[in-house]
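Observations on the model geometry
Listed here are the chains, written in short residue letters.
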Amino acid sequence: LKFLRFVTGTYSGIAMQIQNSTGNVGIGVTGPLSPLSVQANSGAGALRFIGRSGDSISGIDFFNSTQGIGTYLQSNGSWIRSRADGGFHFSNSLL
């Protein structure tokens with residue numbers, strides 16, 4: 001088995017593919033070249049992060065290989081911030 005594909009309904013493309021030789025996962029893409037490759041169809045965003053129920057904040061964390069040092073991006077739809085050593089904060093309204 002070279003790869004594992006998940007196809008939904010009458011969808012003729014690849015919904016998700018896992019390549020055994022590399023372990024890479026592709027969503028909407030064949031032949032993923034990184035651990036996770038995502039490609040949207042026309043008119044759609046490739047990723048959507050939905051905020052927590054308590055405060056509507058969603059985020060992405062980035063870490064070094066030992067997961068000891070990290071940086072994050074967060075947003076609640078009104079503002080976006082990045083944090084490493086002090087960070088920065090952008091808002092679409094006055095705070």
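Owing to the predicted nature of the structure, the values given are computational and were not obtained by experimental measurement. (Residues numbered from 1 in each chain as written. Predicted model: local features only at pLDDT ≥ 70, side-chain atom pairs only at ≥ 80, totals over all residues. Heavy atoms only, no water.)

Comments concerning the overall build of the chain
The line we're drawing: Labels follow the DSSP assignment, with helices taken as runs of H or I lasting at least four residues and strands as runs of E lasting at least two, numbered in each case from the N terminus. Per-residue accessibility, obtained with a 1.4 Å probe over protein chains only, is compared with the maximum for each type, and a residue is labelled buried under 20%, exposed over 50%, and partly exposed between these values. Accessible surface is estimated by sampling points in the Shrake-Rupley manner with a 1.4 Å probe; for residues, cover comes only from the protein chains shown.
For the chain, the count of helices and strands is zero helices and eight strands. In sequence order, the chain lays out its α and β elements as β-β-β-β-β-β-β-β. For the chain, with 95 residues in total, the buried portion stands at 15%. Put simply, the chain shows about 7300 Å² of open surface, and 55% of that area lies on carbon and sulfur atoms.

A closer look at the confidence of the model for the chain
Detailed reading of the predicted coordinates is not advisable wherever pLDDT falls low. Filter applied, for reference: Note on scores: pLDDT gives the predictor's confidence for each residue, bounded by 0 and 100.
Considering every residue of the chain, the mean pLDDT works out to 77; 71% of them sit at 70 or more. The weakest mean pLDDT in the chain belongs to strand β1 (residues 3–6) at 58; the strongest belongs to strand β5 (residues 58–63) at 88.

Notes on the pairing of β5
As a general feature of sheets, a regular strand has side chains that alternate between the two faces. So the rule is basically this: Between any two strands, pairing holds if DSSP finds at least two bridges.
Pairing geometry for β5 and strand β6 (residues 70–75), over six bridges, is antiparallel. In the sheet register, F63 faces β6, and the bridge partner there is G70. Between the end of β5 and the start of β6, which pair antiparallel, lie six residues, with Q67 showing a positive phi angle near 60°.

Things to note about the pairing of strand β7 (residues 79–83)
Note: β6 against β7, four bridges, orientation antiparallel. If you follow S75 over to β7, its bridge partner there is I80. Hairpin connection between β6 and β7: a loop of three residues separates the two successive antiparallel strands, and G77 in this loop has a positive phi of roughly 95°.

Observations concerning unusual backbone geometry
A positive phi is found at S56, a non-glycine position, where the angle reads about 65°. We classify S56 as partly exposed; its relative accessible area is 43%. A positive phi angle is found at Q67, which is not glycine, with a value near 60°. Summarising the element assignment, Q67 is placed in the loop between β5 and β6. With relative accessibility at 61%, the residue Q67 sits in the exposed group.

Some details on the environment of A40
In plain terms, the rule: In what follows, a contact means two residues having at least one pair of non-hydrogen atoms within 4.5 Å.
Inspection of the secondary structure puts A40 in the loop between β4 (36–38) and β5. Sequence separation between A40 and G28 is 12 residues, and the spatial gap between their C-alpha atoms is 6.5 Å. When sequence neighbours within four positions are dropped, the list of residues in contact with A40 reads G45 and A46.

Looking at the pattern of salt bridges
As a reminder of what qualifies: Every case where a carboxyl oxygen of Asp or Glu lies within 4 Å of a side-chain nitrogen of Lys or Arg is listed as a salt bridge.
Taken as a whole and assessed by the stated rule, the structure comprises one salt bridge. The closest approach of N and O atoms between D55 and R52, which form a salt bridge, is 2.6 Å. The class of D55 is partly exposed, set by a relative accessible area of 35%. By relative accessible area, which is 45% here, R52 ends up partly exposed.

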